[in-house]
Amino acid sequence: QHSFMHKGEVLYMNNTEQEQFAAEIIATIMYRVFTVRFESGLSLLDSTPNDQEIHDLVDRSLLRFLGIKGNHDTWQERDGNTALAEFFGQLNSILITHVQTFLASHGFAGIVAESYIRQKIHLLPTHRPVYQLPSGIKIGLIHPYMGRAQTSSLRAEHVMDLFVHQWGCQVVGIANFHTSIFAHSWSPHVGQSIAAQTGTEVIFTDFEHGKIKAVDFGPQMVKTRSHKGRIYKTTLAAFSEPILQNPIPKDTNSLDLKRKLGLLGYENITE
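Residues numbered from 1 in each chain as written. Predicted model: local features only at pLDDT ≥ 70, side-chain atom pairs only at ≥ 80, totals over all residues. Heavy atoms only, no water.

*Asks:* Please clarify how the overall build of the protein chain should be interpreted in this entry.
*Replies:* A tally of regular secondary structure across the protein chain gives nine helices and nine strands. Taking 271 residues into account, the globule formula puts the C-alpha radius of gyration at 18 Å, and the protein chain, at 20 Å, falls close to it. Along the longest, intermediate and shortest principal axes, the C-alpha atoms of the protein chain span 60 × 60 × 35 Å. Scored against the burial criterion, the 271 residues of the protein chain give a buried share of 39%. Across the protein chain, contacts joining residues at least 24 apart in sequence account for 60% of those joining residues at least 6 apart. (Helix = DSSP H or I, 4+ residues; strand = E, 2+ residues; numbered from the N terminus. Rg over C-alpha atoms; globule rule 2.2 N^0.38 Å. Buried < 20%, exposed > 50% of the residue type's maximum accessible area, 1.4 Å probe, protein only. Contact = heavy atoms within 4.5 Å.)

See the structure below:
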């Protein structure tokens, strides 16, 4: 859309390859968390845990991943492609393969990892991008097709009003404005609610620099405590130090980068 590839702001990957790369990154993160959680939980069980204990441990150890289509994703749909189809297909496939292998290495080959993984990974529908957690808390996600406002919290406040009143969401995740903001509200029918507007993972773009835009980097953490589907406490953090200190050269070989990042399936690949 913005000729990113021609300007060197993305590596030389087409849409399919970019979705595959994104899936490999997310799968690696989810897998690493799973293995740490599983082994930690396993050490607390008896030396001969029963099948139900292991099944429960697998379920608890897997991260839940919720996603929506953003505007960058849907640009390719003008060419007749289904946005994120490759991403979610690869994400499921990579995780199923590696989690199944990991369980087998621990003597639990009989557990079918696929059934658990597919229950944890969700592409929320555009017409109702809402997911209800087992606690009863509803999470809404949105990537508005619009620019930021001079009042930094304005977009977060508007989005929260929409999701709270239309779908009864208590937590709303927002992206696209590259400004990290948290906003709270309270209403009689849902109680306390919070909007978390994340910054960006991109270290620098000519597009934003040319518009004199300062950006916030890094992910956010939102932790809530709830009772009977209502939040009574929130803990918030934004991690604003970018991992990348300099742009990755546009001629970087993607395979070399994947090896350097230690992505699943690339750890032991050599030339």
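What follows continues from the structure just given.
*Asks:* Explain the pattern of salt bridges to me, please; I cannot follow it from the model alone.
*Replies:* Close approach of charged atoms lets side chains of opposite charge pair. Applying the stated rule across the entire model yields five salt bridges. Note that Glu24 and Lys258 form a salt bridge whose closest N and O atoms lie 2.9 Å from each other. With Glu24 in helix 2 (residues 15-43) and Lys258 in helix 9 (residues 254-261), this pair connects stretches of sequence that are 234 residues apart. Each member of the pair, Glu24 as well as Lys258, carries the same accessibility label: buried. (Salt bridge = Lys/Arg side-chain N within 4 Å of Asp/Glu carboxyl O.)

*Asks:* Is there a simple way to think about the pairing of strand 7 (residues 191-197) in this case?
*Replies:* Looking along a regular strand, one sees side chains alternate from face to face of the sheet. With seven of seven residues buried, strand 7 lies mostly within the body of the structure. Pairing geometry for strand 6 (residues 181-187) and strand 7, over seven bridges, is antiparallel. In the sheet register, Ser185 faces strand 7, and the bridge partner there is Ser193. Linkage of strand 6 to strand 7, two consecutive antiparallel strands, is achieved through a turn of three residues. (Pairing = 2+ DSSP bridges.)

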